[in-house]
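Given next are the chains, with one letter for each unit.
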Amino acid sequence: MKLPRRKFMHLAAGAAALPMASRFVWAQAYPTRPVRWIVGFAPGGGNDIVARLVGQWLSERTGQQFIVENRPGAGTNIATEAVVNASPDGYTLLLVGLPNTSNASLYEKLNFNFIRDIAPVAGIARGPQVMVVIPSVPAKTVPEFIAYAKANPGRSTWARPELGA
């Protein structure tokens, strides 16, 4: 069988493009099995409720279970370490909250680097944050408070709520 040159070129171009197209065809759907969503707070608090509501919504949308697993303690460090040590396959997620942002400066020895070892996936909730000081503290802005605290070691204390606890 003799092919005309134009038809042969079309077939050759199609054969050359086939490996590129097949990569897209072979891509797996996600998720193909249940997903563990680890929450660093006790059950029943704000973060737990958010995780359970969003997890239910994701389960309905994807057809796979999103299982909320509570691992409270150490200012969310127990939960974070569990996720960092899990298989990096996308089937173990961490609900990140306010404490995660300050733990690196509060704990001297952590078995993980939050910035390096955790990759953000999506923002799911927002809430306002307020910082207050008593009138005798000369700071009126956050940078002023940081400068005041550094200049006066041991004279200032601070607290944060464990949202969801």
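Residues numbered from 1 in each chain as written. Predicted model: local features only at pLDDT ≥ 70, side-chain atom pairs only at ≥ 80, totals over all residues. Heavy atoms only, no water.

(A) Just the overall build of the protein chain, in detail. Across its full length, the protein chain holds six helices and three strands. Helices and strands appear in the protein chain in the N-to-C order α-β-α-β-α-β-α-α-α. Buried positions account for 25% of the 165 residues belonging to the protein chain. Summarising the internal contacts of the protein chain: among those between residues at least 6 apart in sequence, 69% fall at separations of at least 24. Surface summary for the protein chain: the accessible area is close to 12,300 Å², and the carbon and sulfur share equals 61%. (Helix = DSSP H or I, 4+ residues; strand = E, 2+ residues; numbered from the N terminus. Buried < 20%, exposed > 50% of the residue type's maximum accessible area, 1.4 Å probe, protein only. Contact = heavy atoms within 4.5 Å. Areas by Shrake-Rupley, 256 points an atom, 1.4 Å probe, with all protein chains shown as cover.)

(B) Focus on the pairing of strand β2 (residues 66-70). The two faces of β2 differ: Phe66, Val68 and Asn70 on one face are buried, but Ile67 and Glu69 on the other face are not. As defined by bridge partners, strand β1 (residues 35-39) adjoins β2 across five bridges and the pair is classed as parallel. Across the sheet, residue Ile38 finds its bridge partner in β2, namely Glu69. (Pairing = 2+ DSSP bridges.)

(C) Quick look at the pattern of salt bridges. Tallied over the full model, the rule gives five salt bridges. The partner of Asp117 in a salt bridge is Arg116, and the shortest N-O contact between them spans 2.8 Å. Looking at Asp117, the relative accessible area reads 29%, which means it is partly exposed. (Salt bridge = Lys/Arg side-chain N within 4 Å of Asp/Glu carboxyl O.)

(D) Representation of the sheet that holds β1 in the model. The three strands lie next to each other as β2-β1-β3, forming an open sheet whose pairing is parallel. The open sheet is flanked by β2 and β3 (92-95), the only strands paired with a single partner. Neighbour-to-neighbour, the strand axes of this sheet turn through a mean angle of 30 degrees, independent of strand direction. As paired strands, β1 and β3 are joined by four bridges and run parallel to one another. Across the sheet, Val39 pairs through a bridge with Leu95, a residue of β3. (Axes fitted to C-alpha atoms, helices over the stretch in contact; angles between N-to-C directions.)

(E) Main features of the environment of Ala159. Along the chain, Ala159 falls in the segment after α6 (142-151). Here Ala159 falls in the exposed class, since its relative accessible area comes to 73%. Along the primary structure Ala159 and Met131 are separated by 28 residues, whereas in three dimensions their C-alpha atoms are 9.9 Å apart.

(F) Expanded view of a nonpolar patch on the surface. A cluster of nonpolar side chains, namely Met131, Val133, Val142 and Ile146, defines an oily patch on the protein surface of about 320 Å² accessible area. With respect to the helices and strands, Met131 occurs in the loop between α5 (114-117) and α6. Judged by its relative accessible area of 44%, Met131 is partly exposed. (Patch = residues over 30% accessible without salt bridge, like charges linked within 9 Å, V, L, I, M, F, W, Y side chains within 5 Å.)

Distances and angles like these do not, on their own, reveal function.
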